[in-house]
Amino acid sequence: MKKNSDTIYADNAATTWPKPQCVIESMRNFFFNVGANPGRSGHRMSVNSARILFDAREETAAFFGLDNSQNVVFTLNATHALNIAIRGIPKKEGHVIISSFEHNSVIRPLTYLKEKEKTTISVVPVDCKGNFDMTEFKKSFRDNTQFVVINHGSNVTGAIAPIRQIGHVCKEKKVPLIVDVAQTAGTIPINVKKDNIDILIFTGHKGLMGPQGTGGLCLNNESLQSFFHGGTGSSSQEERHPDFMPDKLEAGTPNIIGIAGLATGIKYLRSIGLNTIVEKEKFLIKKLINGLRDNDKIIIYGPDSRQERLGILSFNIKNKAADIVGDLLDKEFSIMTRVGLHCAPYAHKSIGTFPAGTVRLSLSFMNTENDIAKIVSAVNNIADRS
Amino acid sequence: MIILVFESTYFIMKAEKGLKQTRIIYNIIPTPRDISSDCGVAIKVAAGLEERVIEVLGKANVEFTIRRV
Ligand SMILES: Cc1ncc(COP(=O)(O)O)c(C=O)c1O
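Residues numbered from 1 in each chain as written. Chains lettered and ligands numbered in written order. Predicted model: local features only at pLDDT ≥ 70, side-chain atom pairs only at ≥ 80, totals over all residues. Heavy atoms only, no water.

### Details of the overall build of chain B
- Tallying secondary structure elements over chain B gives two helices and four strands in all.
- Sequence-ordered secondary structure for chain B, helices as α and strands as β, is β-α-β-β-α-β.
- Evaluated residue by residue, chain B yields a buried proportion of 51% over its 69 residues.
- For chain B, the share of sequence-separated contacts (at least 6 apart) that also reach a separation of at least 24 residues comes to 68%.
- Surface exposure of chain B reaches about 3800 Å², of which carbon and sulfur atoms provide 49%.
- Between the mean site of the 10 positive side-chain charges and the mean site of the 8 negative ones, chain B shows a separation of 6 Å. (Helix = DSSP H or I, 4+ residues; strand = E, 2+ residues; numbered from the N terminus. Buried < 20%, exposed > 50% of the residue type's maximum accessible area, 1.4 Å probe, protein only. Contact = heavy atoms within 4.5 Å. Areas by Shrake-Rupley, 256 points an atom, 1.4 Å probe, with all protein chains shown as cover. Lys, Arg positive; Asp, Glu negative; His and termini not counted. Charge placed at Lys NZ, Arg CZ, Asp CG, Glu CD.)

In structure tokens:
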């Protein structure tokens, strides 16, 4: 997709834009040539639609190193998938461990359970540089700990959580680990087996380059209860919802046109290679930080230069509110950012920017060096105004 | 003819993936009314291929039942 040449889109942590042309083409093809619902009717258009859905499961499973594509469940987004996972593990008066960098899509379903089911929650501190407190984590397990949820990549600071080590501890304690890879899928390599992930939660519209309205879960030897029941096209004679995967956790007509786009997004990533993407994003974010860090009016949050980070940078300008900076970047410089709390109030508390928030610049590999140069110049320009 | 019946569309697609790697001629059809099937579509193959089909689908880890018509 060709973007408007004046606009610099730096809000890729919300959703990536532009999407690859092939993603749009695959959705267009679905719309004009396939059209039908998958797994519902016996005619060839429906079978073709089912083939697209199956192919998307296989692509997704392979991308995350999952053995059996039967355990890929498609949802509308990561939030929907997190609700299925969090509510799918029975938990009267249970206990759950999360990190202080969780998104509201984790905090809110858990707060609901806290009120309804007397679930207790331990929050493991992550410091402003993104360091996860492993000692505190190990101490927070209890006899009734039912699961752990960890945000793999911070949507506020770009810090990356040590999920492999966290997963190792969870294995020892025999507690399932749910990992939210909303920010890391398609931006760093992930493998459910090597990274010790029991339930992986992804969204389709960020790094995986699919359209909005796509996401899902990968169950790595875990099973979940379903609380969402309805038509599946299978076992239609039964009044009870099927208990075999993936139908068990998918009810109703899926967003098949979106899933067609998502599968093509993943194929696209595979064709250019995840390492190429990682390197490009690293290069761009480094250039961005180098261009801003010498200005003493600009405060940069998150990991320091020796640590790994995603293509995400939160900053503030001294004595200027984040919303004003964001608005100037948009109106004067056509640079799209996101200001405020980014649906992650705990994370902002951890970096000391609650409740005012930050300005967040988030890149994708579609950004160019020229974009970075323009952003650097614009942010310095705003900072240097009296 | 034999008809292969599956619990869900997922398994039909997985079966097709296995069959495509062979020279077996198969046909995806709406499940005949007299077979009370779990999902709306089924796979039809020639009766003589039964053993070969069982072998291929077994390898592909697909669950199914066979109806002879
Ligand atoms: C870390 C994290 N988790 C979950 C989400 C929710 O994703 P979605 O809006 O696709 O449900 C987001 C993005 O908004 C996120 O950054």
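### Here we look at the nonpolar core
Residue and element names in this part refer to chain A.
- Counting residues in hydrophobic clusters, the biggest one holds 52 residues, and the most contacted among them are Phe64, Phe137, Val148, Leu200, Phe202 and Leu208.
- Ranked by residues supplied to this core, first place goes to helix 7 (residues 256-272) with seven residues.
- Excluding anything up to four places from it in sequence, Phe64 contacts Val181, Ala185, Ile190, Asn191, Val192, Leu200, Phe202, Leu208 and Cys218.
- Ala10, Leu284, Ile298 and Ile335 belong to the second-largest nonpolar core, a separate cluster that totals 25 residues. (Core = buried A, V, L, I, M, F, W, Y, C linked by side-chain atoms within 4.5 Å.)

### Digging into the interface of chain B and chain A
- Contacts between chain B and chain A engage 16 residues on the former and 20 residues on the latter.
- Of the roughly 1400 Å² buried at the junction of chain B and chain A (both faces included), carbon and sulfur atoms supply 58%.
- The tally of links from chain B across to chain A stands at two salt bridges.
- Here Glu58 of chain A makes a salt bridge to Lys17 of chain B, at a shortest N to O gap of 2.4 Å. (Buried area = accessible area lost by both parts, 1.4 Å probe. Salt bridge = Lys/Arg side-chain N within 4 Å of Asp/Glu carboxyl O.)

### What to know about the layout of surface pockets
Residues and elements named next belong to chain A.
- Of the pockets and cavities examined, the largest pocket occupies roughly 410 Å³.
- Together, 17 residues line the largest pocket, and Ile289, Asp304, Ser305, Gln307 and Arg309 are the ones closest to its centre.
- At five residues, the largest contribution of residues to the lining of the largest pocket is made by helix 8 (residues 274-292).
- Along the lines of polarity and charge, the residues of the lining of the largest pocket split into five nonpolar, four polar and eight charged. (1 Å grid on protein atoms, 1.4 Å probe; cavity = no way out; pocket = protein on both sides within 12 Å on 5 of 7 lines; lining within 4 Å. Points joined across faces, edges and corners; volume = space filled by probe spheres on them. Nonpolar A, V, L, I, M, F, W, Y, C, P; charged D, E, K, R; others polar.)

### Brief notes about the confidence of the model for chain B
Residues and elements named next belong to chain B.
- Across chain B, pLDDT averages 90, with 96% of residues at or above 70.
- The secondary structure element of chain B with the lowest average pLDDT is strand 4 (residues 65-68), at 90, and the one with the highest is helix 1 (residues 9-20), at 95.
- At the level of chain-chain contacts, confidence expressed as ipTM amounts to 0.88, with global pTM at 0.95. (pLDDT = per-residue confidence, 0-100.)

### Here's the deal with the site of the ligand
Residues and elements named next belong to chain A.
- Taken together, 13 residues are adjacent to the ligand, and Thr79, Asp180, Gln183, Thr203 and Lys206 come closest.
- Between Asp180 and the ligand, the recorded distance is 2.6 Å, taken from a side-chain N or O atom to a nitrogen atom.
- Relative to its free-state accessible area of 390 Å², the ligand is covered by the protein chains to the extent of 89%.
- Here the shell around the ligand is composed, by residue class, of two nonpolar, nine polar and two charged. (Near = heavy atom within 4 Å. Polar contact = N/O pair within 3.5 Å; in protein donor to acceptor, adjacent residues only side chain to side chain.)

### Overview of the side chain of Asn196 of chain A
All names here are of chain A.
- Within the fold, Asn196 resides in the loop between strand 6 (177-180) and strand 7 (199-203).
- At 3.4 Å, the side chain of Asn196 and the side chain of Lys171 are in polar contact.
- Ignoring sequence-local partners within four residues, the contact set of Asn196 consists of Arg164, Gly167, His168, Lys171, Leu177 and Asn191.

### A few points about the sheet that holds strand 10 (residues 312-317) of chain A
Residue and element names in this part refer to chain A.
- Within the open sheet, the four strands sit side by side as 9-10-13-12. Their pairing is antiparallel. Edge positions in the open sheet fall to strand 9 (298-300) and strand 12 (338-340), since each of these has one partner strand only. Each strand of the sheet is rotated relative to its neighbour by a mean of 30 degrees, with strand direction disregarded.
- In this structure, strand 10 lies alongside strand 13 (residues 358-362), joined through four bridges in antiparallel fashion. Its bridge partner being in strand 13, Ile312 is matched across the sheet by Ser362. (Pairing = 2+ DSSP bridges. Axes fitted to C-alpha atoms, helices over the stretch in contact; angles between N-to-C directions.)

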